[in-house]
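Residues per chain, in single letters:
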Amino acid sequence: MLDITANTSLYDIQRLPLWENGEQVLERTVAGEGNMNLVLRIKTTRRSVILKQSKAYVRKYPQIPAPIERLEAEKSILEAISDQKSVASFSPKVLHYNAENYLMLLEDLGSGSDFLDIYAGNKLISPEQLSILVDYLVGIHAMDSVKIPASKAMRALNHQHIFHLPFLADNGFNLDGIQVGLQALSKSYTSDERLTEQVAYLGKRYLEEEDTLIHGDFYPGSWLKIGSNLKVIDPEFGGMGDAAFDLGVFLAHLDLAKQPPGYASLVLERYTLPVDPKLVQGYRGVEILRRILGLAQLPLALSLEEKSRLLSQAKTLVLS
Ligand SMILES: Nc1ncnc2c1ncn2[C@@H]1O[C@H](COP(=O)(O)OP(=O)(O)OP(=O)(O)O)[C@@H](O)[C@H]1O
Ligand SMILES: [Mg+2]
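Everything numeric in this text was worked out from a predicted model, so none of it was measured.

Visitor: Describe the sheet that holds strand β10 (residues 223–226), listing the residues and the values that go with them.
Guide: Ordered in space as β8-β10-β11, the three strands form an open sheet in which the pairing is antiparallel. Edge positions in the open sheet fall to β8 (113–114) and β11 (229–232), since each of these has one partner strand only. As defined by bridge partners, β8 adjoins β10 across two bridges and the pair is classed as antiparallel. In the sheet register, Asp-114 faces β10, and the bridge partner there is Leu-224.

Written out as structure tokens, the structure reads:
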């Protein structure tokens, strides 16, 4: 397999089996923030494209193994989205796929920024943007003729990080290294049997392959603002699954980013497909808990008191 990095020479990029006849590679830059995969923006004599390569590990942390076949799930989902009128404009078209080298060329949506800055706590998603994000979810969840299996290994990996590791009393994370006092705060959650049982139940549901195509990672890092448009990228954790999971994760990140309290009801009112509200709230609670207590930390601007309050609300969401 040809292993591409941010330093791979233009000469070697030119030699990849991706280009049209006579197309010359002119420039390569890192496309944006991202941990899992290699993502470059390549300018050629004809176009600007995004080159994505998955590795058998997390690109930023090569010591952590990760399922390399994630790129195939992403490719299949992006292709299905391109074929569906209601959502096609949200996501990049797959221009070329090279299974042998785990390489994919994507349409370049343009330079923009993701929404990770909303965790700073002083930025609001507009109600219009919120509606657009809900419409995207409705759009993909309603695609009932597709059947794209999720990468089982990716789902298992996510399951570990969402439903299992954050709730182990002795998981080896040093939470005080993130914020002093967080370790002590975590105790009452990791030792709560009723909570961990319900989390385990939700985790089992999450692993089931259901009839709905889900994005699988529907959080501000997957939303891009490009000019006045809103795009959704990176469905590498997606595939057939539980629609309530996408919705619950969505709501959790509105909470973590201190968005207006009314936003959750706006989302649920606009989401017109049938969904079990209890499951949505359960996943929402788990996602809040794991983002505060687990390894996959976010640039949150929350005091220890605010985290304590959110954790307790999250627990109520999981248990009720
Ligand atoms: N089609 C595209 N058009 C324009 N920019 C893109 C496109 N795809 C990715 N990017 C940019 O590259 C960044 C990384 O892409 P992406 O999120 O797909 O990578 P990743 O390695 O899977 O990230 P993560 O570790 O968050 O899962 C995005 O945040 C965005 O800035
Ligand atoms: Mg990704």
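Visitor: Explain the packing of aromatic side chains residue by residue, including any values.
Guide: Across all of its chains, the model carries ten aromatic pairs by this definition. Relative to Tyr-206, the ring of Phe-163 lies with its centre 5.3 Å away and its plane at 35 degrees, an arrangement referred to as tilted. Remark: Tyr-206 occurs in helix α6 (residues 193–207) and Phe-163 occurs in helix α4 (residues 152–164); sequence separation between them is 43 residues. We classify Tyr-206 as buried; its relative accessible area is 1%. Here the aromatic rings of Trp-223 and Phe-250 are separated by 5.5 Å at their centres, their planes lie at 80 degrees, and the arrangement is edge-to-face. Taken as a pair, Trp-223 in strand β10 and Phe-250 in helix α7 (residues 243–256) lie far apart in primary sequence, 27 residues in all.

Visitor: I'd like a rundown of helix α3 (residues 127–141), residues and numbers included.
Guide: With 15 residues, α3 extends 21 Å between its outermost C-alpha atoms, agreeing within 8% with the 21 Å of an ideal straight helix rising 1.5 Å per residue. Structurally, α3 contributes buried residues whose contacts are with α2 (70–82), β9 (212–214), β10, β11, α7 and α8 (263–270).

Visitor: Give a detailed account of the side chain of His-159, specifying residues and quantitative values.
Guide: Secondary-structure assignment places His-159 in helix α4. In this structure His-159 touches His-164, Gly-203, Lys-204, Tyr-206 and Leu-207, once residues within four positions along its chain are discounted.

Visitor: So what's going on with the environment of Ile-13? Residues and values would help.
Guide: Residue placement: Ile-13 occurs in helix α1 (residues 10–14). You can call Ile-13 buried: its relative accessible area is 0%. Considering only alpha carbons, one finds Ile-13 and Val-199, 186 residues apart in sequence, at a separation of 45 Å.

Visitor: Before we move on, could you go through the site of ligand 1 and cite the residues and values that matter?
Guide: Of all residues adjacent to ligand 1, which total 20 residues, the nearest are Asn-35, Met-36, Asn-37, Lys-52 and Leu-109. One of the backbone N or O atoms of Leu-109 is found 2.9 Å from a nitrogen atom in ligand 1. Contact between ligand 1 and Glu-236: an oxygen atom at 3.1 Å from a side-chain N or O atom of the residue. Those elements that provide at least two residues to the shell around ligand 1 are β2 (38–44) and β3 (48–53).

Visitor: Which residues make up the domain arrangement of the protein, and what values go with them?
Guide: In terms of domains, the protein is made up of domain 1 (10–68 + 94–107) and domain 2 (113–319). Centre-to-centre separation of domain 1 and domain 2, based on C-alpha positions: 28 Å. Facing the four residues of domain 1 at the interface are seven residues of domain 2. Summed over both partners, the interface of domain 1 with domain 2 buries about 470 Å², with 63% contributed by carbon and sulfur atoms. On the surface where domain 1 and domain 2 come into contact, there are one salt bridge. Between Asp-234 and Lys-52 there is a salt bridge, with its nearest N and O atoms 2.8 Å apart. For the pair domain 1 and domain 2, the interface holds two residue pairs in polar contact (both at pLDDT 80 or more).

Basis of the calculations
Residue indices begin from 1 for each chain and proceed along its sequence in written order. Here chains are named by letter from A upward and ligands by number from 1 upward, in the order in which they appear as written. pLDDT decides what is reported in this predicted model: residues at 70 or higher carry local features, side-chain atom pairs at 80 or more are listed and counted, and totals for whole chains, interfaces and linings draw on all residues regardless. Hydrogens and water are ignored here; the side-chain numbers use all heavy atoms of the structure. Any two strands with at least two DSSP bridges between them are considered paired. Note on conventions: DSSP H or I runs of at least 4 residues are helices, E runs of at least 2 residues are strands, and numbering of each starts at the N terminus. Each pair of aromatic rings taken from Phe, Tyr and Trp, with Trp reduced to its six-membered ring, is defined by centres within 6.5 Å and is described as stacked if the planes are under 30 degrees apart, edge-to-face if over 60, and tilted in the remaining cases. The buried label applies to any residue whose accessible area, calculated with a 1.4 Å probe on protein chains only, is under 20% of its type's maximum; exposed applies above 50%, and partly exposed to all values in between. In this analysis, the expected span of each helix is defined as 1.5 Å times one less than the number of residues it contains. We call two residues contacting when some pair of their heavy atoms lies within 4.5 Å. Here a residue is considered near a molecule or strand provided that any single heavy atom belonging to it is located within 4 Å of it. Definition of a polar contact: a pair of N or O atoms within 3.5 Å, with one able to donate and the other able to accept a hydrogen when the atoms are protein atoms, and with sequence-neighbouring residues admitted only if both atoms are side-chain atoms. Domain borders in the structure are assigned automatically or taken from a domain database. Accessible area, probed at 1.4 Å, shrinks when two parts are joined; the buried area is that loss added up over both. Salt bridge, as applied in this entry: a Lys or Arg side-chain nitrogen positioned within 4 Å of an Asp or Glu carboxyl oxygen.

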